[in-house]
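# Summary of structural features
Letter by letter, the chains look like this.
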Amino acid sequence: MLKKMIEEIEEITKLAQQEIKEVKNQDLLEKWRIKFLGRKSILSKLFSTISNLSIEEKKEIGKKLNETKNLLVQLYEETKKKIEKVKTKYNFTFPGKPFSIGKLHIITKVIDEIVQIFYKMGFGVAEGPEIETDYYNFTALNTPEEHPARDIWDTFYIKKEKGILLRTHTSPVQIRVMGKYKPPLRIIAPGKCFRRDAFDSSHSPVFHQIEGLMVDKDIKFTHLKGVLSYFLQEFFKEEIKIIFSPSYFPFTEPSAEVSISCVICNGRGCSTCGNTGFLEILGCGMVHPNVFRIVGYDPEVYTGFAFGMGVERLAMLKYEIDDIRYFYLNNLKFLGQF
Ligand code: PHE
């Protein structure tokens, strides 16, 4: 009887020592306590059987039982402390640290939106360098040196004597694409442009354009009108009036400017449209035969149209933003709205 009890006590001790190793939180610790130290635990039962023993046996088992109980209580206290320490290190009840999620810039989003609309009409995307040569930015676009039209674009030169400059428009991409591929062609080219302009509510020395070019046999001005009208309706998603008026660019003939009824005042007249009810948003025209000759296309066989639009301008109208500088100031409160 005595031997059996001692064996039992030792077994419980071992088991309790083993199981406490797995105890990692308060819940498990409480379960462990009930199992090994609770009123219904084996240890408690052994304590209650003591009275049936002889005095000698009582002494021995009593001592053993008390030692075991003390050991288990000690294990319990130590583990409890450990758990509390972890809890203060990782207090899961503390509020989390807020972090902001990155987003695409509104200009990038508007470019993507425009590209998607042209994708539907079969246009692919082309790109060209921001640092250009005089040849691609002007000469090949039918604007040789001393041509008065060069004054339309106030140019930033990097090395004037070598003709290296920051492109003033995305039109040089037309030349690069036509120099590389044969017609038929249908591309748009988004990108940054640079002009020696003031930095005020409606001007910025750096801005974005999207160039468009379509070349094939029998392309007519009506195709240009159709493509641009479809694009503008899709982009503004509301009924707008579109006006084509005569204009001049050295690389298109005839040339036109496109204005839309002011999306701010619906054509009634306001400060954004200078009380005219209309806003000019892009330049366009039929590709000049000289441009075709320069890139080696036969102007007797092929015709085409081109256009260039300001991305910031379109974004300002669509999202009713009244100052172009907001796009570049990296104010997260502004940018976070889109
Ligand atoms: N490149 C012209 C500009 O920036 C716009 C344009 C592009 C006009 C293509 C006609 C054809 O002013």
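Residues numbered from 1 in each chain as written. Predicted model: local features only at pLDDT ≥ 70, side-chain atom pairs only at ≥ 80, totals over all residues. Heavy atoms only, no water.

## Section: the packing of aromatic side chains
Applying the stated rule across the entire model yields 20 aromatic pairs. Taken together through their ring pairs, the aromatic side chains of F118, F123, F231, F235, F236, F305 and F307 make up a single cluster. Between K160 and the ring centre of Y157, over which it is positioned, the NZ or CZ distance is 4.6 Å. It is K318 that lies over the ring of F235; its NZ or CZ is 4.5 Å from the centre. (Phe/Tyr/Trp six-rings, centres within 6.5 Å; stacked < 30°, edge-to-face > 60°. Lys NZ or Arg CZ within 6 Å of the ring centre and 35° of its normal.)

## A short note on the site of the ligand
For the ligand, the set of nearby residues contains 15 residues, the closest of which are H169, S171, R195, Q209 and E211. At 2.9 Å, a side-chain N or O of S171 approaches a nitrogen atom of the ligand. In the environment of the ligand, an oxygen atom lies 2.9 Å from a nitrogen or oxygen atom belonging to the side chain of Q209. Compared with its free state, where it exposes 330 Å², the ligand has 94% of that area covered by protein. Taking a 2 Å distance to the grid points as the criterion, the majority of the atoms of the ligand fall inside the largest pocket. Residue assignment for the shell around the ligand shows that the elements contributing at least two residues are β6 (206–216), β9 (278–287) and β10 (303–310). By residue number, the principal contributor to the shell around the ligand is β10, which donates three residues. Considering only residue class, the shell around the ligand consists of six nonpolar, seven polar and two charged. (Near = heavy atom within 4 Å. Polar contact = N/O pair within 3.5 Å; in protein donor to acceptor, adjacent residues only side chain to side chain. Areas by Shrake-Rupley, 256 points an atom, 1.4 Å probe, with all protein chains shown as cover. 1 Å grid on protein atoms, 1.4 Å probe; cavity = no way out; pocket = protein on both sides within 12 Å on 5 of 7 lines; lining within 4 Å. Sits in = over half its atoms within 2 Å of the grid points. Helix = DSSP H or I, 4+ residues; strand = E, 2+ residues; numbered from the N terminus. Nonpolar A, V, L, I, M, F, W, Y, C, P; charged D, E, K, R; others polar.)

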